[in-house]
Amino acid sequence: MIVVGGAVAGGVIGALNRDSGGRPAAIVVAVADRGAVTLDVATTGAVEPATTRSLAFTVAGTVESVHVRAGNRVSKGQKLAALDDTDATDDLADARSSLAEARTRLSAARTVAARATASATTCARPERTATPAVAAGIRAAVGARAATPCATRGYPDTGSDPVLTAEQQVNRAARAVELAQRALDGASLTAPIAGTVVAVEGKVGDQVRGGATFISLADTYAMQVRADFPEADAGALAAGQAATVSLADSDDVYAAEVVQVDPAGTSDGTLVRYGVVLAFADAPDDLLVGQSAQVKVRTGEVSDALRVPSTAVHDVSGRSGTVLLRDGNRPEERVVAVGLRGDGYTEITGGLEQGDQVVRSW
């Protein structure tokens, strides 16, 4: 096995020393130097909003007005659409009137109860409210005959409490007002966030159901990029990694960061891919939903490594590889220890010194 390897290496070295015409050839060498070794994985993706809201009327009705269309940018609280709210307005007015009447009845019931309490108290202890002379006469009369029970006529309780009944009516009326107000509020749509209208699902005159999406609103002020990476690259991806994004029809490159890697992949029958979400460090203002993008994620980096071009390192197995060291006029095969194998350079952790010359490509 060693003899075969030596023969192969000798053949390679011989080929390097002569060109196609059999003449001596110039060997292109590279110098082992110190610098960054980086490894990136790349794919394509698309721009999408970080947040999308599906807005729906909470009540059924007829669309009376639509103030936006797809593509419009809106501010938080801006009115987007409304139903005919005539019935809801009337219902709220009736509920408020009923609440006012219930509160009036409660006030009257409390007044009657207060008077009944005062009357019962006076009847039970009349001397407390009389002059000293009259009180003395009352006590004498009471002592001379048995006291007659005081009439309270339903107070504090003879099976029903007018105050409690009135309070219950007020509570029911207040609940009715609350529901009527919700129904009226649900007849209009306002923007819960600032963003861009993605879709409008109806027009004036349409009948809509409560809870059915009518407007889709995207938070385009916080855009992100979603990309799918093949399974071979996904294992090296993690949240927090630095990335760059290049948009279609633009030479600008934007800094980004991986914020999410899907824990489960999806298969198209031949290839498993994992979804990745990237956030812009400083997103441009003119991003479009669905805009295509080129994504590159840095999965490995050594900032100050002894390195040679990756094309100079062959037969990499585990943490070792082979280079052709330029020693005088004849290359010498040497096994070296390797670290990060990057896109352009490979880190050398042993077997070479800075300044050593190796054959760049063989």
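Above this text is the structure in question.
Residues numbered from 1 in each chain as written. Predicted model: local features only at pLDDT ≥ 70, side-chain atom pairs only at ≥ 80, totals over all residues. Heavy atoms only, no water.

A. Region of the structure containing the overall build of the protein chain. The helix and strand tally for the protein chain stands at five helices and 21 strands. Relative to its 362 residues, the protein chain shows a buried fraction of 31%. Total accessible area computed for the protein chain in this model is approximately 21,000 Å², and 51% of it derives from carbon and sulfur atoms. (Helix = DSSP H or I, 4+ residues; strand = E, 2+ residues; numbered from the N terminus. Buried < 20%, exposed > 50% of the residue type's maximum accessible area, 1.4 Å probe, protein only. Areas by Shrake-Rupley, 256 points an atom, 1.4 Å probe, with all protein chains shown as cover.)

B. Highlighting the layout of surface pockets. In this structure, the second largest pocket spans a volume of roughly 160 Å³. Forming the walls of the second largest pocket are Val-59, Ala-60, Gly-61, Thr-62, Leu-83, Asp-84, Asp-85, Thr-86, Asp-87, Ala-88, Ala-183 and Ala-187. Elements represented by at least two residues in the lining of the second largest pocket include exactly β4 (61-66) and α2 (86-124). Looking at the lining of the second largest pocket element by element, the count peaks at three residues for α2. Looking at the lining of the second largest pocket residue by residue, the class counts come to six nonpolar, three polar and three charged. (1 Å grid on protein atoms, 1.4 Å probe; cavity = no way out; pocket = protein on both sides within 12 Å on 5 of 7 lines; lining within 4 Å. Points joined across faces, edges and corners; volume = space filled by probe spheres on them. Nonpolar A, V, L, I, M, F, W, Y, C, P; charged D, E, K, R; others polar.)

C. Main features of the nonpolar core. Membership of the largest hydrophobic core comes to 20 residues, with the highest contact counts inside it found for Val-225, Phe-229, Val-245, Leu-247, Leu-278, Val-295 and Val-297. Looking at this core, the elements with two or more residues in it are β2 (33-49), β11 (223-230), β12 (242-247), β13 (253-261), β15 (272-280) and β16 (292-309). A per-element tally of this core places β11 first, with four residues. When neighbours within four sequence positions are excluded, Leu-278 is seen to be in contact with Gln-224, Val-225, Ala-227, Ala-243, Ala-256, Glu-257, Val-258, Val-259, Val-295 and Val-297. In terms of nonpolar packing, the next biggest core, distinct from the first, is built from 17 residues, Leu-55, Val-63, Val-74 and Val-197 among them. (Core = buried A, V, L, I, M, F, W, Y, C linked by side-chain atoms within 4.5 Å. Contact = heavy atoms within 4.5 Å.)

D. Region of the structure containing the pattern of salt bridges. Considering all chains together, one arrives at 10 salt bridges under this definition. In this structure, Arg-226 engages Glu-48 in a salt bridge whose closest nitrogen and oxygen atoms are separated by 3.8 Å. Here Arg-226 is found in strand β11, whereas its partner Glu-48 is found in strand β2, with 178 residues between them in sequence. Classification of Arg-226 by relative accessible area gives partly exposed; the value is 28%. (Salt bridge = Lys/Arg side-chain N within 4 Å of Asp/Glu carboxyl O.)

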